[in-house]
Protein chains: 2
Amino acid sequence: MLNLLAFRKTNIHINMYRTQYRTKTCGELRLSDSGQTVTLAGWVQKIRKLGGMTFIDLRDRYGITQLVVDANAGQSLIDTANSLGREFVIQAIGEVSERQSKNPKMGTGDIEIRLDSINILNKSVTPPFTIEDETDGGDDIRAKFRYLDLRRNPLKNALMLRHKIAIEVRNYLDAQGFMEIETPYLIKSTPEGARDFVVPSRMNPGEFYALPQSPQQYKQILMVAGYDRYFQIVRCFRDEDLRADRQPEFTQIDCEMSFVEQEDVLVTFEGMMRSLFKNVLGVTIPDPLPRMTWFDAMDNYGSDKPDVRFDMKIHDISDSVKGHGFSLFDNSAYIGGICVPGISSYSRKQIDGLTEWVKRPQVGAKGLIYIKAEEDGSFKSSVDKFFSAGDLEKIAGRFGARKGDMILVLCGSDKRKVQVQLGTLRIEMGNRLGLRDPKVFAPLWIVDFPLFEWNEEENRWNAMHHPFTAPKPEQLDLYFSDKNEDIAKVCANAYDFVLNGTELGGGSIRIHDSKIQERMFSILGFTKEEAMYKFGFLINAFQYGAPPHGGLAFGFDRVCALFGGSDSIRDYIAFPKNNQGKDVMADAPSVIDDSQLDELHLVISKKQ
Amino acid sequence: MLNLLAFRKTNIHINMYRTQYRTKTCGELRLSDSGQTVTLAGWVQKIRKLGGMTFIDLRDRYGITQLVVDANAGQSLIDTANSLGREFVIQAIGEVSERQSKNPKMGTGDIEIRLDSINILNKSVTPPFTIEDETDGGDDIRAKFRYLDLRRNPLKNALMLRHKIAIEVRNYLDAQGFMEIETPYLIKSTPEGARDFVVPSRMNPGEFYALPQSPQQYKQILMVAGYDRYFQIVRCFRDEDLRADRQPEFTQIDCEMSFVEQEDVLVTFEGMMRSLFKNVLGVTIPDPLPRMTWFDAMDNYGSDKPDVRFDMKIHDISDSVKGHGFSLFDNSAYIGGICVPGISSYSRKQIDGLTEWVKRPQVGAKGLIYIKAEEDGSFKSSVDKFFSAGDLEKIAGRFGARKGDMILVLCGSDKRKVQVQLGTLRIEMGNRLGLRDPKVFAPLWIVDFPLFEWNEEENRWNAMHHPFTAPKPEQLDLYFSDKNEDIAKVCANAYDFVLNGTELGGGSIRIHDSKIQERMFSILGFTKEEAMYKFGFLINAFQYGAPPHGGLAFGFDRVCALFGGSDSIRDYIAFPKNNQGKDVMADAPSVIDDSQLDELHLVISKKQ
């Protein structure tokens, strides 16, 4: 029936990396391969000459293999070897031979290839920085030449880890009956929460799509549609002013389930994380995972994402330090501290430095009070005028302070604010004392978040999570109360997965009852019309049999970074943007043709 | 160290779909489960009353289970059952019992649940169409209520198939050493090829990102970066006027390899497709797959994506029908036809209809000549005046025509145009004769595409694939020739994967040599400046050691549709856009706030 063209039935594909250009990779040859003639292809990492011989380190994704051109090789081969430069792409043919001076640090360190020929596949101009684990290139030059930076092991390993985690996530969730369903990237703009990136529609002049900040509404729609276990590894977009650890586009592991309560969601996804830790890192995490209420996290760690790799908990000493004539304490609503082990030897200068540190706007404390538990058993503090040695000993006892420790105390009128300041100080002290080993993993769930937070500027309630988060069923009386003090008490079946001081994911049980949803909008101050304009299709969909449902999303970039032992997501994204939202390698964004603007019915405004 | 909250060590999670709301799904109960008390949750598909009993079909993603409320059940249960409506969400508890009248068409058809209680989880207003395999809802209403349409089996099965194919693709490629690497969605606009969707940058006033039409340049950058086996299942965007089978956003399986020739790419990816056919459909496709040159495909099938499920090849009869005094033939450069089996009984009216059909602008033929091989052995044609019975028999012989067949002939001045018309007619006749069974799969590779096509309007060469496609190495003389007739002959190591008349994927070996790339730009008429502006970062990257590389991309939506036996991708996308690029469910695109426009430094143009 068909013209069946002659097909080269090669036996070239014996091993899977074998191609027309190579028979082996640069990572696989061992002593047992000695005597084989092999063809390798890759990049010239390094060239050395030694006693008439030329040694070439050839690199590909799989490793480095040493090539040797003998002093008595043909002149043309020697000339070719001498013409090579760093990052040239070559094909090299030769015999696998045992090495004289072995390199036990490399898998291929027992062998070298005694070359018969070199074929230069492509030349390279001299790269602007070295392709080594520790490079001499600064951030800016490496960003511009990202394709060279990506040749370095740390970035390659980061992307390999990312790939591996993605495969594990998908196979785990697939085995649990989850379906990956792709939701649209061109969606409706809802001016709620963070700022949308928008996309002008040429076919619908004056109208815009938005890029999704998350597929939140679509995944809830999928629950209404009966897909009771959904997930997606999906790009999300937020047009925010960028901070170090933020990207305008980022990736989420987005998940939703129907016919579930919080317990089902937590058990399912700590199962996923347990499997990831085991299969990717070989690390066993507790079963079950610890859980901490939002209130305990704030009270004890001054953070809703506590790093529990180290203790150094916050203690509330408000009740025991007032009435000593120290007006700063007497006038504070909250006084709390942390006990930092082994730093009682801090000098005056060091303490002054720490005081300056907490007074920076990023922390915002008014000042710092210390109590030293000296090695000789005495106590010394910055408030000796107001507190006797006995007083100080008593306070130190509250912290369980030992000789050599120093207690750091902050105070103020707003309990949560002071706690957050103490939490920030606690993390700083953890860093200084080396208590935050990236190879130690201490995951936990934070649960029982407040449903609302008071927006003081606008004098109204904000949803702490989002307007579809359900109140705890046992608190419906408070939820329907018209007293603000009642509403403030309502908690959500919302949960965050926290690892080493970073929120890796979070979610909630959603509202599926239209009366509860209407009440939510009314508490948030949306009129019916506003609610319909913003969330109309979801509200409509909920009329047609919405099941009880809930879910969560993990920040995939952060999961990868933390699994890799890094706190910067940028190395775990192949082509990140810089802090101005620019891809400096590709030079994006850029101006576009006027004809493109015309087609989109847009004019660039002159006023700026 | 932590406040370890009390953890409900439930044994609820014995089976994986078990949650707080259900112990079993609606698809799993069998006769062997009789006597068990179970809790199900799902949607009310149907309610029937029969002799005082109420039968409820309860549906979830996994199937349908029949629930029964006995005539002698408690009044409150009977009342609740009577209050149910279609698509109500309920939780039902009862005992698995053998059914009186079994339904062998359903997995659960041997049993029913004799109910003890019903808990209405949510009500539903009456859906605007029936949730059945064959629904009474039209396209528009189903698009608006996509969440209800998605409850129907055909769409659910389509999305389940899509999920399964994605998992298979990823696991196959992962096992072959491919890394999935996410490339950016906010990239640089290059006004080449189709129209970009653009995204205004708030942080960089007057500048725009583009959404990728494909990650082409990034995947080539990854090859330069040493990632020799890349893939990504990735969304792509094209702002084109939409046709039936086009979507503004669509999904590709995007792949690239280094140190390869065409042979490596074809072997690797027909391996992937073979595995998909086997594991997803249980279908064995030939090993190796047939290959056909672009020239043979055009000459024999009038298409670069031939449907080879049926023969009906095109025959060139230019040489044998001229000189008979029929000026239409005598003045044509090309005369060709197809032999359609068993339609010699076509009436005058049917033939006239076919003639009108080929004269429609979508086909564009001037007219249709037929030769009937009648059942009695005689021949009859629309050109009897010019051709004797012997002449006709001779022509019919060229086609191998049998009694009862009819030969359809088209002619014209442009060989390829006439061939394409014949190819279109061939597909139409294949459809009419039922030769295009969607359950039959005939994949093949089309190879040896011309590198360039002449753009008559602009009087210049266009790249047939894209400007990074390499000429065949053995044709470099022609490629560097300055004669257009030589350049016209240059073929590419480019290839398409074609299935049942649809191009499912395609790709090429890329240029990695800067001289060949410069020549490409010069043939395409780009100045150095234009080339640098459009493709600068890739051209720069190629200076630093670009390996030989090539790849391809499959249209994932189409793969899914064809595997599902459909030729419409829309059912295989959870939330497609309509032909105006609108998501009518979510009402996107839409107008945005003036404040959003101000922040983006944009004004909507009044002139339209």
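These numbers were taken from a predicted model, which means no experiment stands behind them.

Thresholds applied
- Residues numbered from 1 in each chain as written.
- Chains lettered and ligands numbered in written order.
- Predicted model: local features only at pLDDT ≥ 70, side-chain atom pairs only at ≥ 80, totals over all residues.
- Heavy atoms only, no water.
- Domains from an automatic or database assignment.
- Helix = DSSP H or I, 4+ residues; strand = E, 2+ residues; numbered from the N terminus.
- Buried < 20%, exposed > 50% of the residue type's maximum accessible area, 1.4 Å probe, protein only.
- Contact = heavy atoms within 4.5 Å.
- Least-squares fit on C-alpha atoms with pLDDT ≥ 70 in both.
- Pairing = 2+ DSSP bridges.
- Axes fitted to C-alpha atoms, helices over the stretch in contact; angles between N-to-C directions.
- Buried area = accessible area lost by both parts, 1.4 Å probe.
- Salt bridge = Lys/Arg side-chain N within 4 Å of Asp/Glu carboxyl O.
- Polar contact = N/O pair within 3.5 Å; in protein donor to acceptor, adjacent residues only side chain to side chain.
- Nonpolar A, V, L, I, M, F, W, Y, C, P; charged D, E, K, R; others polar.

## Structural notes on the domain arrangement of chain A
When the domains of chain A are assigned, the result is domain 1 (31-122), domain 2 (155-286 + 554-596), domain 3 (310-432) and domain 4 (442-544). Between the C-alpha centres of domain 2 of chain A and domain 3 of chain A there is a distance of 40 Å.

## Notes on the side chain of Arg162 of chain A
Along the chain, the position of Arg162 of chain A falls in helix α4 (residues 153-175). Assessed through its relative accessible area of 6%, Arg162 of chain A is described here as buried. Setting aside its immediate chain neighbours within four residues, Arg162 of chain A contacts Thr251, Phe556, Asp557, Cys560, Tyr572 and Ile573 of chain A together with Glu182 of chain B.

## As for unusual backbone geometry
With omega at 0°, the peptide bond leading from Asp287 of chain A into Pro288 of chain A counts as cis. Here the phi dihedral of Asp448 of chain B falls at roughly 60°; this positive angle occurs in a residue that is not glycine. You can see Asp448 of chain B is positioned in the loop between β17 (443-447) and β18 (452-455). For Asn459 of chain B, which is not a glycine, the phi torsion comes out positive at approximately 55°. Within the secondary structure layout, Asn459 of chain B lies in the loop between β18 and β19 (460-463).

## A word on the relation of the copies chain B and chain A
Of the transformation superimposing chain B on chain A, the axial component is 0.0 Å and the angular component is 180°, with the fit at an RMSD of 0.1 Å. Here the copies are linked by what is in effect a two-fold axis. Same-surface contact between copies: 100% of interface residues of chain B are shared with the interface of chain A.

## Considering the side chain of Arg151 of chain B
Looking at the element boundaries, Arg151 of chain B is found in the loop between α3 (146-149) and α4 (153-175). On the accessibility criterion, Arg151 of chain B (5% relative accessible area) is buried. Not counting residues within four places of it along the chain, the set of residues in contact with Arg151 of chain B comprises Val224, Ala225, Tyr544 and Gly545 of chain A together with Trp43, Arg59, Glu87 and Ile131 of chain B.

## Here's the deal with the sheet that holds strand β16 (residues 406-412) of chain B
Residue and element names in this part refer to chain B. Spatially, five strands are ordered β12-β13-β16-β14-β15 in an open sheet, and the strand pairing comes out antiparallel. The strands lining the two open edges of the sheet, one partner per strand, are β12 (314-316) and β15 (379-381). Direction aside, the axes of adjacent strands within the sheet are offset by 25° on average. Inspection of the sheet shows strand β14 (residues 369-373) paired to β16 by four bridges, in the antiparallel sense. In the sheet register, Ile371 faces β16, and the bridge partner there is Ile407. Against the sheet, helix α12 (residues 415-432) makes contact with β12, β13 (334-340) and β16, and its axis sits at roughly 10° relative to β13, the strand it touches most.

## Here's the deal with helix α5 (residues 216-224) of chain A
With nine of nine residues buried, α5 of chain A is to be regarded as a mostly interior element. Every buried residue of α5 of chain A is listed here: Gln216, Gln217, Tyr218, Lys219, Gln220, Ile221, Leu222, Met223 and Val224 of chain A. Tucked into the core, α5 of chain A has its buried residues touching β9 (229-237), β10 (249-258), α16 (528-541) and β22 (549-555) of chain A together with β1 (37-50) and α3 of chain B. Positive phi shows up at Gly226 of chain A, right after α5 of chain A, with a value of about 95°.

## A short note on the sheet that holds β10 of chain A
Residues and elements named next belong to chain A. An order of β6-β9-β10-β22-β21-β20-β17-β11 is seen for the eight strands of this open sheet, with the pairing classed as mixed. Strands with a single pairing partner mark the edges of an open sheet, and in this sheet they are β6 (179-180) and β11 (291-293). With six bridges connecting them, strand β20 (residues 494-499) and strand β21 (residues 502-509) associate as antiparallel partners. Looking at β21, one finds that Leu499 is bridged to Thr502. α4 rests against β6, β9 and β10 of the sheet, and its axis sits at about 150° to β9.

## As for the interface of chain B and chain A
Between chain B and chain A, the contact holds 162 residues from the first and 162 residues from the second. Buried area between chain B and chain A, both sides added, is near 14,400 Å², and the carbon and sulfur share of it is 59%. Area buried by chain B at its contact with chain A is led by Glu182, Phe259 and Tyr544 of chain B, which between them contribute 6% of it. Here Arg202 of chain B makes a salt bridge to Asp239 of chain A, at a shortest N to O gap of 3.1 Å. In this assembly, chain B and chain A are joined by 76 residue pairs in polar contact (both at pLDDT 80 or more). The element that contributes the greatest number of residues to the side of chain B that touches chain A is α4 of chain B, accounting for 11 residues. A per-class count over the side of chain B that touches chain A returns 85 nonpolar, 34 polar and 43 charged. Summarising the sheet, strand β23 (residues 602-604) of chain A and strand β23 (residues 602-604) of chain B pair through three bridges and their orientation is antiparallel. The residue of β23 of chain B that forms the bridge with Leu602 of chain A is Ile604 of chain B.

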